[in-house]
Amino acid sequence: MSITATYDHMQRRVVARVEGPVTIDQIRNHLEDERQEPGLAYSEMIDARAAVVELSAADIRVLVAWLRWLGERTKLGPTAVLVETDFQYGITRTIETLVEDVCEVKPFRSELDAKRWLVW
């Protein structure tokens, strides 16, 4: 699995691609890389269509806690997640609901719809 990210500091955007199995540790590492870049406040498009989600309910709670912790310390930009499967959509939708008071995370099946939502 890999999460690769490209930062556009002029446009304040991040484009990330996720391929293969994805774990909570890899997601946390990605968020930490964004924090160090710095890019957490940027709008982000995550293409997770080639990802294999390996997150348990406990992992989702950890991710939500991590996003809340980050959100208390810095502004978090909106994140559009491109998904392929119903399972990916459901996981992302669950996360969206659990962090809606801290940040915006939204699943999309269409890249065009995601870009429109991000106002790209």
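From a predicted model like this one, the values you see are computed outputs, not experimental measurements. (Residues numbered from 1 in each chain as written. Predicted model: local features only at pLDDT ≥ 70, side-chain atom pairs only at ≥ 80, totals over all residues. Heavy atoms only, no water.)

Chemist: A description of helix α3 (residues 86-99) should follow, citing residues and the corresponding values.
Modeler: Counted at 1.5 Å a residue, the expected span for α3 with its 14 residues is 20 Å, and the 20 Å between its end C-alpha atoms agrees. Along α3, the residues classified as buried are Gln-88, Ile-91, Thr-92, Ile-95, Glu-96 and Val-99. Buried residues of α3, viewed axially, fall in a sector of 140°; they line one side. (Helix = DSSP H or I, 4+ residues; strand = E, 2+ residues; numbered from the N terminus. Expected span 1.5 Å × (residues − 1). Buried < 20%, exposed > 50% of the residue type's maximum accessible area, 1.4 Å probe, protein only. Arc of directions from axis to C-beta.)

Chemist: Give a description of the nonpolar core that names residues and reports values.
Modeler: Judged by nonpolar contacts, the single largest core of 25 residues is most densely connected at Leu-31, Leu-63, Ile-95 and Val-99. Sorting the residues of this core by element identifies β2 (13-22), α1 (24-36), β3 (43-53), α2 (57-73) and α3 as the ones contributing at least two each. No other element matches α2, which puts six residues into this core. Apart from the residues within four sequence positions on either side, Leu-31 is in contact with Leu-40, Leu-63, Trp-66, Leu-67 and Leu-70. (Core = buried A, V, L, I, M, F, W, Y, C linked by side-chain atoms within 4.5 Å. Contact = heavy atoms within 4.5 Å.)

Chemist: Tell me what's going on with the environment of Ala-57, and back it up with residues and numbers.
Modeler: Residue position: Ala-57 is located in helix α2. Classification of Ala-57 as partly exposed rests on a relative accessible area of 48%. Taking the C-alpha atoms as reference points, Ala-57 and Ile-91, separated by 34 residues in sequence, lie 9.6 Å from one another.

Chemist: Describe the packing of aromatic side chains, and please don't skip the residues or the numbers.
Modeler: In the structure shown here, the tally under the stated rule is two aromatic pairs. Considering the side-chain rings of Trp-66 and Trp-69, the 5.1 Å spacing of their centres and the 10° angle between planes classify their relative orientation as stacked. Within this pair, Trp-66 and its partner Trp-69 are both found in helix α2, separated by three residues, close to a single helical turn. The buried category is assigned to Trp-66, whose relative accessible area is 17%. Residue Trp-69 is classed as partly exposed on the basis of its relative accessible area, which comes to 33%. An angle of 45° between the planes, with centres 5.6 Å apart, marks the rings of Phe-108 and Trp-117 as tilted. The residue whose ring lies beneath Arg-28 is Trp-66, and the NZ or CZ to ring-centre distance is 5.2 Å. (Phe/Tyr/Trp six-rings, centres within 6.5 Å; stacked < 30°, edge-to-face > 60°. Lys NZ or Arg CZ within 6 Å of the ring centre and 35° of its normal.)

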